[in-house]
Amino acid sequence: MSSTPDFLALRREQFPVTERYIYLNHAALGPLPRRTADAMAAFATDFRDRGVLAEAKWTPAIERTRGLIAQLLHVAADEIAFTKNTSQGLSIVANSIPWQRGDVVVTIRGEFPANVYPWLALRALGVQVRFVEPRNGQIMIDDVRQALRGARMLAISWVQYSTGFRIDLAAITALCREMHVLLSLDAIQGVGVLPLDLAATPVDFCAFGVQKWLLAPQGVGVLYVNRAVRDLLTPANVGWLSVAWRDYAAFDYESPLMESAGRYEEGTRSLVGLAGLEQSLQLLLAAGPVHIAAQVAILTDRLATALHERGYRILTPLLANHRSGILTIAHPHTPAQILFDRLRVRRIVAAIREGGVRISPHLYNTLDEMDAVVEALDTVTVTS
Ligand SMILES: Cc1ncc(COP(=O)(O)O)c(C=O)c1O
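Residues numbered from 1 in each chain as written. Predicted model: local features only at pLDDT ≥ 70, side-chain atom pairs only at ≥ 80, totals over all residues.

Q: Where do I start with the site of the ligand in this structure?
A: Around the ligand lies a shell of 13 residues, among which Asn85, Thr86, Ser87, Tyr161 and Gly209 are the nearest. A class-by-class count of the residues in the shell around the ligand yields 4 nonpolar, 8 polar and 1 charged. (Near = placed C-beta within 6 Å. Nonpolar A, V, L, I, M, F, W, Y, C, P; charged D, E, K, R; others polar.)

In structure tokens form, the structure reads like this:
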């Protein structure tokens, strides 16, 4: 394994956000690293000054970035399509499968709505949606097994957005294989902070936006379609870039769709977004997903231990193989809004989710910042 990165140097050089805030809200939106923002600014200047002539310089960023995503997920680049967000990726999957009346899609109660509405919309086709109820924030594998009886698809988040509960992907992928159920993974709350190896734990579909833990701009998403199920789908979103491109003088309307997942990229992509994403991916891959996850676990452990000792309720199930970058806490007597305000006045950026305060640090945060959170939460708000 590569050596541990110098997280403090990265913090200093790449994360100006740390000069103003204790930023602990990557589960909502990641700040852009300096190199990402710089690349996007250079892009803007180049297109300002040269218009279409700037395209040739920046277009190669598309395939380079696709290659970096493939490296991050341990899949082939031709299984990766760029979308505009998680929702679009999930919608492409939902709308491209030839459903039959009575088909069942299983999902989880408490999923972020982006991973619910595309499946509920299939009710119009006679598809049923079945919900698994988590128990105390935990998704029990036996409950999933029960719900999957006779189902066609499991649509699940890798990490639940409010509790931070991470499913055991090895167990879930094995279960779906055993039960001949398709698996669609919303990975937005994990990719960038936790290692994801889709060669070791194969899913059929995986969708995510890059705006959170990948520290990249809004408006770019990724859809992975496992080559093994490619022909099951009839793409619902074809366009001029879904077919192999030749030239502007020779459109052949009968051209077949591209073999690759590029067939889902129906038209012009966000080149500025991809140029930014390329930089963020290089930063994260150089740091190493395994090291990043270990660092973030140190930070969330420090917080969880200190807050537990002080009587806070830890809403995130503290099970080693279900932890993520998210720690959600509550206090038995103090409302989440008050806790949140105590953080806010100290320029600590967190979020309120489902009655708790969600804290989501990343690789550049420090133990001192975790201690500052505990101190801020301990402060009794003076109201007059
Ligand atoms: C689990 C999950 N899926 C999806 C999204 C966002 O979806 P999109 O990228 O389409 O905006 C979020 C967060 O906002 C989320 O937590």
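Alright, that's what it looks like, and here's the rest.
Q: What's the story with the packing of helix α2 (residues 34-50) against helix α9 (residues 271-287) in this structure? I'm lost.
A: Packed helices, taken two at a time, are described by the angle between their axes plus the distance between the axes. Across the interface, α2 lies against α9 with an axial gap of 8 Å and an inter-helix angle of 155 degrees. Taken as axis vectors, α2 and α9 run roughly antiparallel relative to one another. Here α2 runs over α9; the crossing is right-handed. Here Arg35, Thr36, Ala39, Met40, Phe43 and Ala44 of α2 come into contact with α9, specifically with Val272, Ala275, Gly276, Gln279, Ser280 and Leu283. Residue composition of the contact of α2 with α9, by class: 7 nonpolar, 4 polar and 1 charged. (Axes fitted to C-alpha atoms, helices over the stretch in contact; angles between N-to-C directions. Helix = DSSP H or I, 4+ residues; strand = E, 2+ residues; numbered from the N terminus. Parallel < 35°, antiparallel > 145°, perpendicular 65-115°, else oblique. Left-handed = near helix turned anticlockwise from the far one by under 90°. Contact = placed C-beta atoms within 7 Å.)

Q: Which parts of the structure should I look at to understand helix α8 (residues 169-179)?
A: Structurally, the α-helix is built with 3.6 residues per turn, so residues lying three or four positions apart point the same way. Looking at α8, one finds that the buried residues are Leu169, Ile172, Thr173 and Cys176. Projected down its long axis, α8 shows its buried positions confined to an angular sector of 95 degrees, all on one face. For α8, the exposed residues set more than 90 degrees away from the buried face come down to Ala170 and Glu178. The inward-facing, buried residues of α8 contact α7 (141-147), β5 (153-157) and β6 (182-186). Just downstream of α8 lies His180, where phi reads positive at about 55 degrees. (Buried ≥ 20, exposed ≤ 12 C-beta atoms within 10 Å, placed from the backbone. Arc of directions from axis to C-beta.)

Q: Would you mind going over the sheet that holds strand β7 (residues 205-209) with me for this structure?
A: Sheets are built from strands that pair by backbone hydrogen bonding, the pairs being arranged parallel or antiparallel. Strand order in the open sheet formed by 7 strands is β2-β8-β7-β6-β5-β3-β4, and the pairing between neighbours is mixed. Either end of the sheet is taken by a strand with one partner, and the two such strands are β2 (80-83) and β4 (128-132). For this sheet, the mean inter-axis angle between neighbouring strands, taken without regard to orientation, is 20 degrees. By the bridge criterion, 5 bridges tie strand β3 (residues 104-108) to β4 in an arrangement that is parallel. (Pairing = 2+ DSSP bridges.)

Q: Even after reading the chapter, I still don't get the sheet that holds strand β12 (residues 351-353), so can you show me in this structure?
A: Overall, antiparallel pairing links the 4 strands, which are arranged β9-β10-β13-β12 in an open sheet. The open sheet is flanked by β9 (313-314) and β12, the only strands paired with a single partner. In this sheet, strand β13 (residues 356-359) lies alongside β12 in antiparallel orientation, the contact comprising 3 bridges. Considered in β13, the bridge of Ile352 is made with Val357.

Q: Can you help me understand the domain arrangement of the protein chain in this one?
A: When the parts of a complex come together, some accessible area is lost, and that lost area is often taken as the interface size. Per the domain assignment, the segments making up the protein chain are domain 1 (7-31 + 288-378) and domain 2 (37-286). Between the C-alpha centres of domain 1 and domain 2 the distance comes to 27 Å. In this assembly, 27 residues from domain 1 lie in contact with 22 residues from domain 2. Contributing elements (two or more residues each) for the side of domain 1 that touches domain 2: α10 (289-309) and β10 (327-330). Top contributing element to the side of domain 1 that touches domain 2 by residue count: α10, with 5 residues. (Domains from an automatic or database assignment.)

Q: In this structure, what is going on with helix α11 (residues 336-344)? I would like to understand it.
A: Along α11, the residues classified as buried are Ala336, Leu339, Arg342 and Leu343. Buried residues in α11, looked at end-on, bunch into an arc of 120 degrees, giving them a common side. Those residues of α11 that are buried lie in contact with β10, β11 (348-349), β12, β13 and α12 (367-378).

Q: Even after reading the chapter, I still don't get the environment of Thr334, so can you show me in this structure?
A: Looking at where Thr334 falls in the secondary structure, it is placed in the loop between β10 and α11. On the basis of neighbour counts, which here come to 15 C-beta atoms within 10 Å, the residue Thr334 falls in the partly exposed class. Through-space distance from the C-alpha of Thr334 to that of Ala61 is 49 Å; in sequence the pair is 273 residues apart.

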